[in-house]
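Chain by chain, the residues run as shown.
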Protein chains: 2
Amino acid sequence: MPPHRVPGQGGRRFHPSASKGDEATVLTIAKFYVSTEELNRGQVVLKGQQHHHLSRVLRIRRGRVVTVMDGKGLVGLGKVSVIDSKQAIVTIEEVWRADPEFPRLHLYQALTRMKKMDIAVQNAAEIGAVSLTPFGCTRSSPLEALDGAKMGRLRRIAMEASRLSGRPYLMEVREPLPWDGLLDDLARMNIAVYADEESGDRPSSVLDDDSFDDIGLLVGPEGGFADAERDSLAIRGVRAVTLGKTIFRTETAGLVLLAAVKCHYHRL
Amino acid sequence: MPPHRVPGQGGRRFHPSASKGDEATVLTIAKFYVSTEELNRGQVVLKGQQHHHLSRVLRIRRGRVVTVMDGKGLVGLGKVSVIDSKQAIVTIEEVWRADPEFPRLHLYQALTRMKKMDIAVQNAAEIGAVSLTPFGCTRSSPLEALDGAKMGRLRRIAMEASRLSGRPYLMEVREPLPWDGLLDDLARMNIAVYADEESGDRPSSVLDDDSFDDIGLLVGPEGGFADAERDSLAIRGVRAVTLGKTIFRTETAGLVLLAAVKCHYHRL
């Protein structure tokens, strides 16, 4: 299994100003998401936005190596064999399966203003959450506010952030859950915790077992969970964790909680 | 020394939707920065933007308890004794010194687009950096781009983020440093590391000593440090650390690096 990253080229972001005669011009292997079928077929066609990004933004020419991923762990390295004004064809030269992400971190985010949801989704996708699920509770925004168009927007943000971060696994933005649905869903997790501003143990003391596969991480609404909600969570063994004395914005709290958990499992 | 946070009231952010007849109306202790002199005098006057925030945004009335901080660790709890259309007077009832932040984390951020600098400053202030210093290098934005008005903007963002996070210590946004100035400045640190996308040890293996007081954390430009710059850093003992396989945006990399270091010192 080849390494996730090709040595010496790395996954650095493309930086326009770095190409102007710098002694070490930065080479980025651009990454694109494609279907599993295309990837297995050995040839993928990039159209629309991905074609635009490849040809106009990155100005990639024929012969350049790019990475294509199916978002489910399958990764291919290939060369741009054809490029015209409508599409680019990538001929795959090598395909491998990336190591599964472990532990699988599922972020549950109380629905808040879309501007904050955008950032929460981008942050979670970037640091490596497997999924983000918006949920409703007493002090969240009403779930009706999250229509299909907005879900589409969050999913595009997740894909773009996952892509730019070079993640072989695309973060899923799941359908929003009402409070009861959330409680049911948490039963699928090996362990679940919620970030609390008032009390709680440090994440590292709650996560003392190394065998957790699916970890649920909850970020409540800006006003905090209602007392009855705290009780419901406690009954189901969902424990409060503290992120220290600092109060985080709701869109950053998930990122910091994810970082703390990854750090605990030596993934950061 | 009273606790940093008054039990049962916490430092939750004010959430407008939480006040509409909810069984547990969220009480926030609003926080304001004032001068050390005022704080010691026992009476502080809030004017301008802080008065607007107190009276219009939070709609705080006479008699409400607020927290005032000098941004250097001195914290006071007081009551709004007078409030009119121009100012609010807070009579301090109790003053204490918050525990010093340890270790002292200094973020050095290669200058990038202002939109990203805004986020980097907000993130760093929120998670608890002591200072953020923009610096110039081969692939950064030119330091001339950072004029007085822009520095003022970054400092306002730092203050607002520090305030909302309830930090008794205000993050300092220091004057930008050219490359040589950066190298000199790093000599003040007990240890310094930079986030690298290509290689490096995990932060926890580099930071194995528990006695570091001042830790310098460098986030390079989006194209990465030039080879000569890497060499300069290596000669000065500034080591590369990796944040795992994921590639972070430059404005998030600092936050994640700060989180990893705080986590290592059990501060997260």
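Quick look at the structure, then. (Residues numbered from 1 in each chain as written. Chains lettered and ligands numbered in written order. Predicted model: local features only at pLDDT ≥ 70, side-chain atom pairs only at ≥ 80, totals over all residues. Heavy atoms only, no water.)

### Details of the sheet that holds strand β5 (residues 88-97) of chain A
What links the strands of a sheet is backbone hydrogen bonding, and the strands pair in either a parallel or an antiparallel sense. Residues and elements named next belong to chain A. Here is the rule we go by: Strand pairing requires that DSSP identify at least two bridges connecting the strands. Numbering of helices and strands runs from the N terminus; a helix is a DSSP stretch of H or I covering at least four residues, while a strand is a stretch of E covering at least two. All axes here are fitted lines through C-alpha atoms, helices being fitted over the stretch that makes contact, and every angle between N-to-C directions spans 0 to 180 degrees.
One open sheet holds the five strands; their spatial order is β1-β3-β4-β5-β2, and the pairing between them is mixed. Lying at the two open borders of the sheet, with one neighbouring strand each, are β1 (31-33) and β2 (43-46). Taking the axes of each pair of neighbouring strands and ignoring which way they run, one obtains an average angle of 35° across the sheet. Note that strand β4 (residues 74-83) and β5 share nine bridges and pair antiparallel.

### With respect to the state of the cysteines
What counts here: What counts as a disulfide here is a pair of cysteine sulfur atoms lying within 2.5 Å. Only protein chains enter the accessibility calculation, which uses a 1.4 Å probe. A residue is then buried if its area is under 20% of the maximum for its type, exposed if over 50%, and partly exposed in between.
Tallied over the full model, the rule gives one disulfide over all chains. Here A:Cys263 is linked by a disulfide to B:Cys263, with a sulfur-sulfur distance of 2.5 Å. Taking the sign of the torsion about the S-S bond as the criterion, the disulfide between A:Cys263 and B:Cys263, at about -110°, is left-handed. Here A:Cys263 is found in helix α8 (residues 250-264), whereas its partner B:Cys263 is found in helix α8 (residues 250-264) on a different chain. Comparing A:Cys263 with B:Cys263 shows no difference in burial state: the two are buried.

### Some thoughts on the pattern of salt bridges
All names here are of chain B. Selection rule: We define a salt bridge as a side-chain nitrogen of Lys or Arg found within 4 Å of a carboxyl oxygen belonging to Asp or Glu.
Scanning all chains against the criterion turns up 26 salt bridges over all chains. For Asp214, the salt bridge is made with Arg104, and the minimal N-O distance between the two is 3.1 Å. Of this pair, Asp214 sits in strand β10 (residues 214-219) while Arg104 sits in strand β6 (residues 104-110), placing them 110 residues apart in sequence. What makes Asp214 buried here is its relative accessible area of 17%. With a relative accessible area of 38%, Arg104 lands in the partly exposed category. A salt bridge links Glu251 to Arg249; the nearest nitrogen and oxygen atoms lie 3.8 Å apart. Considered together, Glu251 and Arg249 belong to a single accessibility category, that of buried residues.

### Quick notes on the sheet that holds strand β5 (residues 88-97) of chain B
All names here are of chain B. Spelled out, the test is: Residue contacts follow a heavy-atom distance rule, with two residues in contact if any of their heavy atoms lie within 4.5 Å.
With respect to topology, five strands assemble into an open sheet ordered β1-β3-β4-β5-β2, the strand pairing being mixed. Every interior strand has two partners, whereas the edge strands, β1 (31-33) and β2 (43-46), have only one. Put simply, the sheet's adjacent strands are angled 35° from each other on average, direction ignored. Where β1 meets strand β3 (residues 65-69), three bridges bridge the pair, whose relative direction is parallel. Bridging from a neighbouring strand, Phe32 pairs with Val68 of β3. Against the sheet, helix α2 (residues 48-57) engages β1, β2, β3, β4 (74-83) and β5, with an angle of about 170° to β1.

### Describing the packing of helix α3 (residues 114-127) of chain A against α8(A)
Residue and element names in this part refer to chain A. Stated precisely, the cut-off is as follows: Just so you know how the angles are binned, under 35 degrees is roughly parallel, over 145 roughly antiparallel, 65 to 115 roughly perpendicular, and the rest oblique. By definition, any crossing whose near helix is turned counterclockwise from its far helix by less than a right angle is left-handed, and any crossing with a clockwise turn is right-handed.
Running from N to C, α3 and α8 point in directions that differ by 15°, and their axes come no closer than 7 Å. With respect to α8, the element α3 is oriented roughly parallel. The element α3 and its partner α8 pack so that their crossing is right-handed. Packed against α3, whose contacting residues are Lys116, Ile119, Ala120, Asn123, Ala124 and Ile127, the element α8 presents Thr250, Glu251, Thr252, Leu255, Leu258, Ala259 and Lys262 at the interface.

### Concerning unusual backbone geometry
All names here are of chain A. Residue Pro103 is reached from Phe102 by a cis peptide bond, and omega for that bond is -15°. Within the fold, Pro103 resides in the loop between β5 and β6 (104-110). Phi is positive for Arg59, close to 50°, though the residue is something other than glycine. Look at Arg59 and you get exposed, because its relative accessible area is 61%.

### A look at the environment of A:Ile119
Residue and element names in this part refer to chain A. Within the element layout of this structure, Ile119 appears in helix α3. Classification of Ile119 by relative accessible area gives partly exposed; the value is 32%. The spacing of Ile119 and Leu154 is 35 residues in sequence and 9.4 Å in space, taken between C-alpha atoms.

### Observations regarding the packing of aromatic side chains
Here is the rule: Only Phe, Tyr and Trp rings are paired, with Trp represented by its six-membered ring, and only when their centres lie within 6.5 Å; those with planes under 30 degrees apart are stacked, over 60 edge-to-face, the remainder tilted.
Per the stated rule, a full pass over the model turns up eight aromatic pairs over all chains. Aromatic side chains A:Phe135 and A:Trp179 sit 6.2 Å apart centroid to centroid with 55° between the ring planes, which places their arrangement in the tilted category. Taken as a pair, A:Phe135 in strand β7 (residues 131-135) and A:Trp179 in helix α5 (residues 179-186) lie far apart in primary sequence, 44 residues in all. Among the residues examined, A:Phe135 registers a relative accessible area of 0% and is labelled buried. Summarising the aromatic geometry, the rings of B:Trp179 and B:Phe225 are spaced 5.7 Å apart at their centres and angled 55° between planes, so their arrangement reads as tilted. Of this pair, B:Trp179 sits in helix α5 (residues 179-186) while B:Phe225 sits in the loop between β10 and α7 (227-235), and the two are 46 residues apart along the sequence. Pair check on accessibility: B:Trp179 and B:Phe225 agree, each one buried. The structure contains a cluster of three or more aromatic residues connected by ring pairs, namely A:Phe135, A:Trp179, A:Tyr194 and A:Phe225.

### Observations regarding the nonpolar core
Rule in force here: What is meant by a nonpolar core is a set of buried Ala, Val, Leu, Ile, Met, Phe, Trp, Tyr and Cys residues, joined one to another through side-chain atoms within 4.5 Å.
A:Met171, A:Ile215, A:Leu217, B:Met171, B:Ile215 and B:Leu217 are the most contacted members of the largest nonpolar core, which totals 85 residues. Filtering out sequence-adjacent residues up to four positions away, A:Met171 remains in contact with A:Val121, A:Ala124, A:Ala125, A:Ala129, A:Val130, A:Ser131, A:Leu132, A:Ala158 and A:Ser162.

The analysis is restricted to geometry; functional conclusions fall outside its scope.
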